Protein chains: 2
Amino acid sequence: MISKKCSYALRAVLALSRNTGGKPLTIHQIAESEGIPARFLEAILRDLKQSGLTESLRGKEGGYRLLGSPRELSVGQVIRAVEGPWLDVPTEAADEVFSPMWEELQNNVNELVDSLTFQQLLSREDTLRRSAVSDYSI
Amino acid sequence: MISKKCSYALRAVLALSRNTGGKPLTIHQIAESEGIPARFLEAILRDLKQSGLTESLRGKEGGYRLLGSPRELSVGQVIRAVEGPWLDVPTEAADEVFSPMWEELQNNVNELVDSLTFQQLLSREDTLRRSAVSDYSI
DNA sequence: ACAATCCCGACTAAATTGATAGACATACTG
DNA sequence: CAGTATGTCTATCAATTTAGTCGGGATTGT
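Report follows, based on the coordinates. (Residues numbered from 1 in each chain as written. Chains lettered and ligands numbered in written order. Predicted model: local features only at pLDDT ≥ 70, side-chain atom pairs only at ≥ 80, totals over all residues. Heavy atoms only, no water.)

### A short note on the relation of the copies chain B and chain A
Laying chain B over chain A is done by rotating through 180° and shifting 0.0 Å along the axis; what remains is an RMSD of 0.0 Å. Put plainly, the chains are arranged around a two-fold axis. Most of the interface of chain B is mirrored in chain A: 100% of its interface residues are interface residues there too. (Least-squares fit on C-alpha atoms with pLDDT ≥ 70 in both. Contact = heavy atoms within 4.5 Å.)

### Concerning the packing of aromatic side chains
Residue and element names in this part refer to chain B. Counted according to the given criterion, the structure contains two aromatic pairs over all chains. Ring geometry for Tyr 8 against Phe 40: centres 5.8 Å apart, planes inclined by 85°, an arrangement best described as edge-to-face. Note that Tyr 8 is positioned in helix α1 (residues 4-18) and Phe 40 in helix α3 (residues 38-50), a separation of 32 residues in sequence. What makes Tyr 8 buried here is its relative accessible area of 11%. (Phe/Tyr/Trp six-rings, centres within 6.5 Å; stacked < 30°, edge-to-face > 60°. Helix = DSSP H or I, 4+ residues; strand = E, 2+ residues; numbered from the N terminus. Buried < 20%, exposed > 50% of the residue type's maximum accessible area, 1.4 Å probe, protein only.)

### Notes on the protein's contact with DNA strand C
By nearness alone, 25 residues border DNA strand C, and A:Arg39, A:Arg58, B:Glu42, B:Lys49 and B:Tyr64 come closest of all. Counting only atoms of DNA strand C within 4 Å of the protein, the fraction found in sugar and phosphate groups is 61%. In this structure, a phosphate oxygen belonging to DNA strand C sits 2.5 Å away from a side-chain N or O atom of B:Lys49. The separation between a sugar or linking oxygen of DNA strand C and a polar side-chain atom of B:Arg58 is 3.1 Å. The set of elements that each furnish at least two residues to the surface near DNA strand C consists of α1 (4-18) and α3 (38-50) of chain A together with α3, β1 (54-57) and β2 (63-66) of chain B. Sorting elements by how many residues they give to the surface near DNA strand C places α3(B) first, with four residues. When its residues are assigned to classes, the surface near DNA strand C shows seven nonpolar, seven polar and eleven charged. (Near = heavy atom within 4 Å. Polar contact = N/O pair within 3.5 Å; in protein donor to acceptor, adjacent residues only side chain to side chain. Nonpolar A, V, L, I, M, F, W, Y, C, P; charged D, E, K, R; others polar.)

### Looking at the interface of chain B and chain A
Facing 33 residues of chain B, the contacting portion of chain A comprises 33 residues. Counting each side, the surface lost to burial between chain B and chain A is near 3,200 Å², with a carbon and sulfur contribution of 78%. Taken as a group, B:Val97, B:Phe98 and B:Leu112 account for 19% of the area that chain B buries against chain A, more than any other trio of residues on that side. Viewed at the interface, chain A and chain B are joined by zero salt bridges. (Buried area = accessible area lost by both parts, 1.4 Å probe. Salt bridge = Lys/Arg side-chain N within 4 Å of Asp/Glu carboxyl O.)

### Digging into α3(B)
Residue and element names in this part refer to chain B. The end-to-end C-alpha distance of α3 is 18 Å, a good match for the 18 Å that 13 residues give at a rise of 1.5 Å each. Where α3 is concerned, the buried positions are Leu 41, Ile 44, Leu 45 and Leu 48. Down the axis of α3, the buried side of the element spans an arc of 100°, and every buried residue falls inside it. Opposite the packed face of α3, turned more than 90 degrees from it, sit the exposed residues Arg 39 and Gln 50. Those residues of α3 hidden inside the fold are in contact with α1, α2 (27-34), β1, β2 and α4 (75-83). Looking one or two residues past α3, Gly 52 carries a phi angle of roughly 80°, positive in sign. (Expected span 1.5 Å × (residues − 1). Arc of directions from axis to C-beta.)

### A look at the protein's contact with DNA strand D
Taken together, 24 residues lie near DNA strand D, and A:Glu42, A:Lys49, A:Tyr64, B:Arg39 and B:Arg58 sit nearest. Within 4 Å of the protein, the contacting atoms of DNA strand D are drawn from sugar and phosphate to the extent of 61%. One of the backbone N or O atoms of A:Gly59 is found 3.4 Å from a base oxygen in DNA strand D. Sorting the residues of the surface near DNA strand D by element identifies α3, β1 (54-57) and β2 (63-66) of chain A together with α1 and α3 of chain B as the ones contributing at least two each. It is α3(A) that contributes the most residues to the surface near DNA strand D, four residues altogether. Each residue belonging to the surface near DNA strand D can be placed in one class, and the counts come to seven nonpolar, six polar and eleven charged.

### Observations concerning the state of the cysteines
Per the stated rule, a full pass over the model turns up zero disulfides over all chains. You can see A:Cys6 has no disulfide; the closest cysteine sulfur is in B:Cys6, sitting 20 Å from it. (Disulfide = S-S within 2.5 Å.)

Listed below in structure tokens is the structure:
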């Protein structure tokens, strides 16, 4: 199950990715544009900052910016920043017979989410936008 | 995260797999041998029965048996029986940009858990048992 | 009849998730 | 400096999910 916190985080980071190079985005701007409860987003952005994915500026003209390029930022990094270790098996259940399966599962999942970057999401978004426009104009 | 319910279910089905062809196992036998709270196991076995993976016999000499062979029963079938649809994304979060990723993730995960049968787990268990014995006898 | 078993629905407690609140720190502006 | 717009922190709360329990009922073999 994907938690709301996780999808909020991904959308927030996507918003920050769109904004690369621009003025920092405030919590409220992101909250409004992405439809995320502002006080909740605040905690999420703090997690992202503590994991070193974003930087923040206080005071007037403050807000959040991505640290580094969307090209080098993967979905997996964001997920792990807000969810902690994912898909973990409780130690008591780490039965010898089943644990190789859980490990393999975790590896597969991490490989997948680590191979998708925000740069790729941005171009996917762009493709979707273009096709929506052409659908409308036809 | 793998729930306790899920790992209990897997261990219970593994116990039933070991017992293929034998007299039915009672809830209490499985609960004791696998260290699962009996009343909780009862609910789990009910789920498994309702999904058609096991059959039950009531009264004295009653208990549970696997329906079908461990060779044709996958870990994925058991997981889905007790967890319902797994790794689902809340519909509100089913954003056009992210949903292909969630779908691919779900497909990968299902492929993996559907490719591992209880027959395979039984032989893995056997291998482990043999190597433990030889470790001891050296 | 009796005992052993599964069957069912309701219930509870603990943990997690989703969200909110208030006080505080920082930084820019005039 | 005063004022305002920001982020920071800790605590709290409500809703949901997970884990587990309970009491009684139904079924079957002896």
